[in-house]
Amino acid sequence: MPYVPIPAVSRPYLLDLAERRWQAVAARRPDLEPALALQRALLTLVIDLAATLDGGRLPKLSLPPRYVAAKLARGVPALAGEPIPLPVPVLTPTLLRLCDALAAGGAAAAATHIRETIESGNIDPGSLLSASLNRDQAAVRTGALHRGLSPDLVWLVAELAVSPFVNALQRWLFGNVGGGALAAALDGWNRGYCPACGSWPAVAEVVDGHRTLRCSFCSSAWELTTYACIYCAESGEPFVTAAPDEDRTDRRIEVCKSCGGYLKTIDVPELSPFPLLSISDIETTDLDVAAMEHGYGRPPLKDFGARKA
Ligand SMILES: [Zn+2]
Ligand SMILES: [Zn+2]
């Protein structure tokens, strides 16, 4: 069963679990304290938005299981290229609050500038959020640069604001597929990118020896049937799994000399519920540093050729 459903948990449980994880990271890595404080502010907004969305209804989407199954069989993620109506009035207040949190967390001028540009109508929040949902990095980047904004920060706030919606979408799409064509297509999904949105995983979380890829955007969880590079499928000698810190073999990086890609892999007691995967990501930033110091990187988002601006 390559797609792994993650049970929904209540908001209080999620906040409590997040707090315990942040405190554990801070105890080990006091130097991360400022980054953790910012993440706490950002993720609390994301958790609140997710709770709001859970109380509402998802848009009516025309994504019949057979149609989605045929897409997956061609290697195309379910949501790629689909015209999906976003609940823009629900997401926009969070988008603005995320800018405020970033401003308070040290990116004052740059984040305030983004907020003002959205509020003045110089950026249409609907277009920005749609471009993020479509994973259209080029459109977001160009739009930001045209307006003198930081492309990385614009991408970040839009991604965070859309993430609870896309997480709900993938749970709705894949959560109860039963035994039909879609279930078979998901079982056959053996790609390194997300079957729902096409993003690369942030990390692989390993529970009881099961290496589960976790989407950096929608938090989908899926297992591969092969142990190989998730980017180019190399499984021979150029593909190496190593623990940079010999005393912490629970934290590893998979590196691939064939394509130059790397993936962080960590042992965890249970898969992180949305959006706590970001905590797994931030507590392993030393692994990113180690990989990049050795010349490895993460490839850009894949383009599925059906983007709408
Ligand atoms: Zn995804
Ligand atoms: Zn590779």
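Above this text sits the structure in question.
Residues numbered from 1 in each chain as written. Chains lettered and ligands numbered in written order. Predicted model: local features only at pLDDT ≥ 70, side-chain atom pairs only at ≥ 80, totals over all residues. Heavy atoms only, no water.

Trainee: Requested: an account of the coordination of the zinc ion (ligand 1), with residues and values cited.
Mentor: All of the protein donors around the zinc ion (ligand 1) are Cys194 (SG), Cys197 (SG), Cys215 (SG) and Cys218 (SG); their distances to the metal are 2.3 Å. Around the zinc ion (ligand 1) sit 4 donor atoms; with metal-centred angles ranging over 97 to 124°, the donor geometry is tetrahedral. Each donor residue of the zinc ion (ligand 1) lies on the same chain, and together they follow the pattern C-x2-C-x17-C-x2-C. By the burial criterion, Cys194 is buried, and Cys197 matches it. (Donors = N, O, S within 2.8 Å, 3.2 Å for Na, K, Ca; no water. Tetrahedral: all angles 85-135°; square planar, octahedral: opposite > 155°, others 65-115°. Buried < 20%, exposed > 50% of the residue type's maximum accessible area, 1.4 Å probe, protein only.)

Trainee: For the coordination of the zinc ion (ligand 2), give the residues involved together with the corresponding values.
Mentor: Protein coordination at the zinc ion (ligand 2) comes from Cys229 (SG), Cys232 (SG), Cys256 (SG) and Cys259 (SG), with a distance range of 2.3 Å. Seen from the zinc ion (ligand 2), its 4 donor atoms lie at angles of 103 to 116°, and the figure they make is tetrahedral. Taken in chain order, the donor set of the zinc ion (ligand 2) reads C-x2-C-x23-C-x2-C. Highlighted residues: Cys229 in the loop between strand S3 (221-223) and strand S4 (239-242) and Cys256 in strand S5 (residues 251-256), separated in sequence by 27 residues. (Helix = DSSP H or I, 4+ residues; strand = E, 2+ residues; numbered from the N terminus.)

Trainee: How would you sum up the pairing of strand S2 (residues 210-215)? Please name residues and give values.
Mentor: Taken across its 6 residues, S2 has 5 buried, putting it largely inside the fold. Examined bridge by bridge, strand S1 (residues 201-207) and S2 share 6 bridges and lie antiparallel to one another. In the sheet register, Val203 faces S2, and the bridge partner there is Arg214. Adjacent in sequence and paired antiparallel, S1 and S2 are bridged by 2 residues, among which Asp208 carries a positive phi angle near 50°. (Pairing = 2+ DSSP bridges.)

Trainee: Kindly report on helix H11 (residues 285-293), identifying the contributing residues and their values.
Mentor: All buried positions along H11 are accounted for by Leu287, Asp288, Ala290 and Ala291. The buried residues of H11 occupy one face: seen down the axis, they fall within an arc of 165°. Those residues of H11 hidden inside the fold are in contact with S5, strand S6 (262-267) and helix H10 (277-282). Just beyond H11, the residue with positive phi is Gly295, at close to 90°. (Arc of directions from axis to C-beta. Contact = heavy atoms within 4.5 Å.)

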